[in-house]
Amino acid sequence: MKKEDFMFAVGSSGDTVVVDKALKRKYRGKNSRQLADEGLYKPAFCAAFYDKEAGLESGQRDLEYLLEVVNRNESCRYASVEVLSRLFGVFSVPQTAKVKLI
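Residues numbered from 1 in each chain as written. Predicted model: local features only at pLDDT ≥ 70, side-chain atom pairs only at ≥ 80, totals over all residues. Heavy atoms only, no water.

K.L.:
Looking at this structure, how should I read the pattern of salt bridges?
P.N.:
Close approach of charged atoms lets side chains of opposite charge pair. One pass over the full model with this rule turns up 7 salt bridges. Across the salt bridge formed by Glu 4 and Arg 28, the nearest N and O atoms sit 3.3 Å from each other. Taken together, the positions of Glu 4 in helix H1 (residues 3–7) and Arg 28 in the loop between helix H2 (21–27) and helix H3 (32–37) put the pair 24 residues apart, joining distant regions of the chain. A residue is classified by how much of its surface remains accessible, and Glu 4, at 24% relative accessible area, is partly exposed. The salt bridge partner of Lys 98 is Asp 15, with a shortest N-O separation of 3.6 Å. Here the residue Lys 98 occupies a position in strand S3 (residues 98–101), and Asp 15 occupies one in the loop between strand S1 (9–13) and strand S2 (16–19), the gap between them amounting to 83 residues. With relative accessibility at 45%, the residue Asp 15 sits in the partly exposed group. (Salt bridge = Lys/Arg side-chain N within 4 Å of Asp/Glu carboxyl O. Helix = DSSP H or I, 4+ residues; strand = E, 2+ residues; numbered from the N terminus. Buried < 20%, exposed > 50% of the residue type's maximum accessible area, 1.4 Å probe, protein only.)

Below, the structure is given as structure tokens:
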């Protein structure tokens, strides 16, 4: 699955991942920190998570940055990146999923 599709996925049905085409078009090319700063926390989380799963050290740093941004800007405090993973429902990157843009 391509990183930008993963970032803007809004759900799935069977082996098909549903991607928000308008969000993807509007925020294409932004990195996880830019998305976090704009308040787009789930796409920011997905971008950083994708990088981490790809073995990039920047992915973990970006996940920690997102945790700081969320805790600074929201009324709830989250203890860890793992809690954000549960919050956003992101646990793995589908490798063979079909993509449907809506």
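Text resumes after the structure shown.
K.L.:
Just to check I follow, could you spell out the sheet that holds S1 for this structure?
P.N.:
Strand pairing in a sheet is mediated by backbone hydrogen bonds. Such pairs are either parallel or antiparallel. Pairing in this open sheet of 3 strands is mixed, and the strands run S1-S2-S3 from one edge to the other. This sheet does not close on itself; its edge strands, each paired only once, are S1 and S3. The sheet shows a mean angle of 30° between the axes of neighbouring strands, direction not considered. In the sheet, S2 pairs with S3 via 4 bridges, with the strands oriented parallel. Directly across from Val 18, in S3, lies its bridge partner Lys 100. (Pairing = 2+ DSSP bridges. Axes fitted to C-alpha atoms, helices over the stretch in contact; angles between N-to-C directions.)

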